[in-house]
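This is what each chain is made of:
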Amino acid sequence: MDSVDVGLFGPGSVTWKLHAEPILFVAGLRSLYLQALHPRAMAGVAQNSNYRRDAWGRLVRTANYVGTTVYGTTAEAEEAGRRLRRRHGRMTAVDPATGERFRIDEPELLRWVHVTEVESFLDTARRAGVPLDADEVDGYYTEQRRAAALVGLAPETVPGTAAEVAEYYRQIRPELRMTREAAETALFLTVPPLPWQLSLPARVGLNLGPPRWAYLGIAGTAFALLPAWARRRYGGLGLPTTDLSADVTVRALRLALTALPRDWREGPMRRAAEERAAGRTAVSPARPAAR
């Protein structure tokens, strides 16, 4: 009998262990705050993305892409990567500092997005209380080189251990700063338009109902989880007390999320992947759009 295709990672991988944690949605928001500090990367997003008009749709598409690379079959993950590469290959932007036109699929920019995303997943999970030892941390970074290859990066050019990620950040930090676009993006991430299903009637004005306050709390936690040097780039304080309060909050949030019913915590991609791994027949979820 043919072996079961469990995708790029599979059961027993650190990736499956980590991405089973619902707290990673906070990590996704943290990564966006961090990515905005790269002026060239931010210019690429601002000049090509409709994230302001379709913030939640873009979020869902990005989550579906990550879910496909983590839990999809090998063919599904590779196809998602091909679609993303084709889309990025058609896009260019103008560097606001130099006036140079550049491709947004430059390796430097792809590497920045990849590293900030996977480091945010890992750092948020650990601070939320997910038990991962040093070997598992390095194992996750090494495994995620497979995801980096999907977007067009040579795996050997991508940091594959915690020490390499720390060195990458040390080298790139002089290039990072808060531009006007970064400030506007951070504000948008903190106070985005809510999906219409969660919005209060227009007469409420600023729409400061429970969904808005809940989201503000999540956004504040995601921002507080940034490295101290990144918070300082935004003009904030890099105090140890901020780190401590962020740790307490994200741990409490993880406990609340893990108390939810399993069907609320697990998406169809993960369930389909686990069924394949167990040798059961599963219908693959509909192929999602690339981010």
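Higher on the page you've got the structure.
Description of the structure in this document.

Criteria and cut-off values
- What you see as residue numbers is a count from 1 along each chain, following the sequence as written.
- Only residues with pLDDT of at least 70 are given local features in this predicted model, and only at 80 or more are side-chain atom pairs given and counted; all residues enter the totals for whole chains, interfaces and linings.
- In computing side-chain properties, one takes all heavy atoms of the structure into account and sets aside hydrogens as well as water.
- Only DSSP runs of H or I covering at least 4 residues are called helices, and only runs of E covering at least 2 are called strands; the numbering of each starts at the N terminus.
- Per-residue accessibility, obtained with a 1.4 Å probe over protein chains only, is compared with the maximum for each type, and a residue is labelled buried under 20%, exposed over 50%, and partly exposed between these values.
- Contacts are assigned to residue pairs that have any heavy atoms within 4.5 Å of one another.
- Per-residue and other accessible areas follow the Shrake-Rupley method at a 1.4 Å probe size, with only the shown protein chains counted as cover for residues.
- The set of buried Ala, Val, Leu, Ile, Met, Phe, Trp, Tyr and Cys residues whose side-chain atoms join them within 4.5 Å is what this entry labels a nonpolar core.
- Every case where a carboxyl oxygen of Asp or Glu lies within 4 Å of a side-chain nitrogen of Lys or Arg is listed as a salt bridge.
- The term polar contact refers here to a pair of N or O atoms within 3.5 Å; inside protein, the definition further demands a hydrogen-donor-capable atom paired with an acceptor-capable atom, and it admits residues adjacent in sequence only when both atoms are side-chain atoms.
- Axes here mean lines fitted to C-alpha atoms, for a helix over just the part in contact, with angles spanning 0 to 180 degrees between N-to-C directions.
- Each angle gets one of four labels, with under 35 degrees taken as roughly parallel, over 145 as roughly antiparallel, 65 to 115 as roughly perpendicular, and the rest as oblique.
- In a left-handed crossing the near helix is turned counterclockwise from the far helix by less than a right angle, and in a right-handed crossing that turn is clockwise.
- Here the nonpolar group is Ala, Val, Leu, Ile, Met, Phe, Trp, Tyr, Cys and Pro; Asp, Glu, Lys and Arg are the charged ones; every other residue, Gly included, is treated as polar.
- Think of it this way: a Phe, Tyr or Trp ring, Trp meaning its six-membered ring, pairs with another when their centres are within 6.5 Å, and the plane angle makes it stacked under 30 degrees, edge-to-face over 60, tilted otherwise.

What about the overall build of the chain?
In terms of helices and strands, the chain carries 15 helices and 2 strands. Scored against the burial criterion, the 291 residues of the chain give a buried share of 45%. Across the chain, the fraction of contacts at a sequence separation of at least 24, relative to all contacts at a separation of at least 6, is 72%. Put simply, the chain shows about 14600 Å² of open surface, and 58% of that area lies on carbon and sulfur atoms.

Quick word on the nonpolar core
Core analysis: the biggest nonpolar cluster contains 72 residues, and Leu 18, Tyr 33, Leu 34, Trp 112, Tyr 140 and Tyr 169 have the highest contact counts within it. Per element, the largest residue contribution to this core is 8 residues, and it comes from helix H6 (residues 107–127). If sequence neighbours within four positions are ignored, Leu 34 has contacts with Trp 112, Thr 116, Glu 119, Tyr 169, Leu 226, Trp 229 and Ala 230.

Looking at the environment of Arg 58
Looking at the secondary structure, you find Arg 58 in helix H4 (residues 55–71). Look at Arg 58 and you get partly exposed, because its relative accessible area is 30%. If we ignore the near neighbours within four places in the chain, the residues touching Arg 58 are Ser 49 and Tyr 51.

What about the side chain of Thr 73?
Take Thr 73: it is sitting in the loop between H4 and helix H5 (74–89). Each residue touching Thr 73, except ones within four places of it in the same chain, is listed here: Asp 5, Gly 7 and Arg 276.

Let's talk about the environment of Gly 235
You can see Gly 235 is positioned in the loop between helix H12 (228–233) and helix H13 (240–258). Looking at Gly 235, the relative accessible area reads 65%, which means it is exposed. Spatially, the C-alpha atom of Gly 235 lies 8.4 Å from that of Met 178, the residues being 57 residues apart in sequence.

A look at the pattern of salt bridges
Inspection of every chain in the model, using the stated rule, returns 22 salt bridges. For Asp 105, the salt bridge is made with Arg 103, and the minimal N-O distance between the two is 2.7 Å. Residue class for Arg 103 comes out partly exposed when judged on its relative accessible area of 44%. Between Glu 266 and Arg 262 there is a salt bridge, with the nearest N and O atoms lying 2.7 Å from each other. Since its relative accessible area comes to 6%, Glu 266 is described here as buried. The network of salt bridges with common partners includes Arg 30, Glu 119, Asp 123, Arg 127, Arg 231, Asp 243 and Asp 247.

Observations regarding helix H3 (residues 39–48)
Among the residues of H3, those classed as buried are Pro 39, Arg 40, Ala 41, Met 42, Ala 43 and Gly 44. Tucked into the core, H3 has its buried residues touching helix H2 (24–35), strand E1 (92–94), strand E2 (101–103), H6 and helix H10 (180–190).

Points about the side chain of Glu 21
Here Glu 21 lies in the loop between helix H1 (14–19) and H2. Here Arg 254 takes part through its side chain, which lies 2.8 Å from a polar atom of the side chain of Glu 21. In this view, Glu 21 contacts Val 130 and Arg 254; residues no more than four positions away in its chain are not counted.

Describing the packing of H2 against H10
Close contact between H2 and H10 brings their axes to 9 Å; oriented N to C, the two are set at 160 degrees. Classed by the angle they form, the pair H2 and H10 counts as roughly antiparallel. H2 and H10 meet at a crossing whose hand is left-handed. Contacts between H2 and H10 pair Leu 29, Leu 32 and Tyr 33 from the former with Ala 186, Leu 189 and Thr 190 from the latter. In the contact of H2 with H10, the residues fall into 5 nonpolar, 1 polar and no charged.

Notes on the packing of aromatic side chains
Applying the stated rule across the entire model yields 7 aromatic pairs. A ring pair is formed by Tyr 169 and Trp 229, whose centres lie 5.5 Å apart and whose planes are at 65 degrees; its orientation type is edge-to-face. Separated by 60 residues along the polypeptide, Tyr 169 in helix H9 (residues 162–172) and Trp 229 in helix H12 bring together distant segments of the chain. Like Trp 229, Tyr 169 is buried. Every member of this aromatic cluster is reached through a ring pair, and the members are Trp 112, Tyr 168, Tyr 169 and Trp 229.

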